[in-house]
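Here is how the chains run, residue by residue.
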Amino acid sequence: MDFFIQLILSGLANGSVYSLVAIGFCLTFMTNRSFNFALGMWVMLGAMISVTTRSEWGFHWLPSALITSFLLLALGYLSFKVSMEPFLRSRNNLWVISTLAFGIILVDVAELIWGRTPLSVPGFLREPYIELDGYSLQSQQIIIIIACVISYFLLHYFFKHTHTGKSLRAISSNAFASQILGIPIHRLQIISYCMACVLAGLAGFLLSPITSADANMGASIGFKAFAIAIIGGLKN
């Protein structure tokens, strides 16, 4: 019985990580009608940054998460300007290749900085397992599920109750009408793209204590998350 409960918990944790990345695909699609096909590499980047902030510098997980988010935000803006914006302006689909190329560059840079060997990252809690009603549950998996549920509620509030969130939904519904009404589409395209990068990176940040951080860990996660986004609906 303990094995099946642990199996279910593991499935929920992995599914939560995939869903965060899938939301990233939806965010870029709703404003740009395009995808950042390198989102899996952003998962890897979040995990590798956590190696530096947590394993090497010894930071607590909270300031480490803030540093990771800031770096991902800055790199996401750079990625948009380099691999997405020129092709959105010229209205061609070369962003498919350019985003993948940027992702490959991220992998190469990660290998130069951190190497090709998987690196361990400490868990958020000192105790790797939690005893609950006689069952031994992995604490990091519980943290992943809780963190992702909190993220879902925050995103729900953002899209339902903030001006920026409502503007993003308006663009998703009708970009032409939104532009006529004065909604800054270009600025919101940047915001949604950077949000997707941060969400994907934080997914890797949460996952790294379980799987270890590896420069080549992102591709399979990105493919699975893209499938989830397609099945769940890109406008949901």
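The preceding data block contains the structure.
Definitions and limits used
Residues numbered from 1 in each chain as written. Predicted model: local features only at pLDDT ≥ 70, side-chain atom pairs only at ≥ 80, totals over all residues. Heavy atoms only, no water. Core = buried A, V, L, I, M, F, W, Y, C linked by side-chain atoms within 4.5 Å. Buried < 20%, exposed > 50% of the residue type's maximum accessible area, 1.4 Å probe, protein only. Helix = DSSP H or I, 4+ residues; strand = E, 2+ residues; numbered from the N terminus. Contact = heavy atoms within 4.5 Å. Salt bridge = Lys/Arg side-chain N within 4 Å of Asp/Glu carboxyl O. Axes fitted to C-alpha atoms, helices over the stretch in contact; angles between N-to-C directions. Parallel < 35°, antiparallel > 145°, perpendicular 65-115°, else oblique. Left-handed = near helix turned anticlockwise from the far one by under 90°. Polar contact = N/O pair within 3.5 Å; in protein donor to acceptor, adjacent residues only side chain to side chain. Expected span 1.5 Å × (residues − 1). Arc of directions from axis to C-beta. Phe/Tyr/Trp six-rings, centres within 6.5 Å; stacked < 30°, edge-to-face > 60°. Lys NZ or Arg CZ within 6 Å of the ring centre and 35° of its normal.

## Quick notes on the nonpolar core
V21, W42 and M44 are the most contacted members of the largest nonpolar core, which totals 70 residues. When residues of this core are traced back to their parent elements, those giving at least two are α1 (2-32), α2 (39-56), α3 (61-89), α4 (95-114), α5 (139-161), α6 (163-173), α8 (185-211) and α9 (218-232). With 15 residues, α8 is the largest single contributor of residues to this core. For M44, the residues in contact, after removing those within four places along its chain, are L106, V107, A110, D214, A215, M217 and G218.

## Considerations on the pattern of salt bridges
A side chain with one charge may pair with a side chain of the opposite charge, provided their charged atoms come close. Counted under the stated rule, the structure contains 3 salt bridges. The shortest N-O distance in the salt bridge between E111 and R116 comes to 3.5 Å. Judged by its relative accessible area of 17%, E111 is buried. Owing to a relative accessible area of 64%, R116 belongs among the exposed residues under this scheme. Through salt bridges with shared partners, a single network forms among K81, E85 and R89.

## Regarding the packing of α3 against α8
Between α3 and α8, the least distance of the axes is 7 Å, while the angle of their chain directions is 135°. The orientation of α3 relative to α8 falls into the category oblique. The handedness of the crossing between α3 and α8 comes out as right-handed.

## Description of unusual backbone geometry
Unlike most non-glycine residues, R91 shows phi in positive territory, near 55°. Relative to the assigned elements, R91 resides in the loop between α3 and α4. What makes R91 exposed here is its relative accessible area of 78%. Here S212, not a glycine, exhibits a phi torsion of approximately 75°, which is positive. Along the chain, S212 falls in the loop between α8 and α9. Its relative accessible area of 23% is what places S212 among the partly exposed residues.

## Concerning the side chain of S192
Take S192: it is sitting in helix α8. From its side chain, S192 meets the backbone oxygen of Q189 in a polar contact 3.0 Å long. Beyond its immediate sequence surroundings of up to four residues, S192 is in contact with L27, T28, T31 and L168.

## Considerations on α9
The terminal C-alpha atoms of α9, which comprises 15 residues, lie 21 Å apart, in line with the 21 Å expected from a rise of 1.5 Å per residue. Listed in full, the buried residues belonging to α9 are G218, I221, G222, A225 and A229. Seen along its axis, α9 keeps its buried residues to an arc of 95°; they face one direction. For α9, the exposed residues lying more than 90 degrees away from the buried face are F223 and I231. Positive backbone phi, approximately 105°, marks G233, located one or two places after α9.

## A closer look at the packing of aromatic side chains
Enumeration according to the criterion identifies 14 aromatic pairs in this entry. Look at F25 and F35: their rings are 6.4 Å apart centre to centre, the planes differ by 65°, and that puts the pair in the edge-to-face class. Of this pair, F25 sits in helix α1 while F35 sits in the loop between α1 and α2, and the two are 10 residues apart along the sequence. For F25, a relative accessible area of 1% gives the class buried. You can call F35 buried: its relative accessible area is 10%. Ring centres 5.3 Å apart and planes at 15° place the aromatic pair F29 and F35 in the stacked group. Three or more aromatic residues joined by ring pairs make a cluster, and in this case those are F25, F29, F35, F37, W95 and F226. Above the face of the F29 ring, R33 is positioned so that its terminal group lies 5.0 Å from the ring centre.

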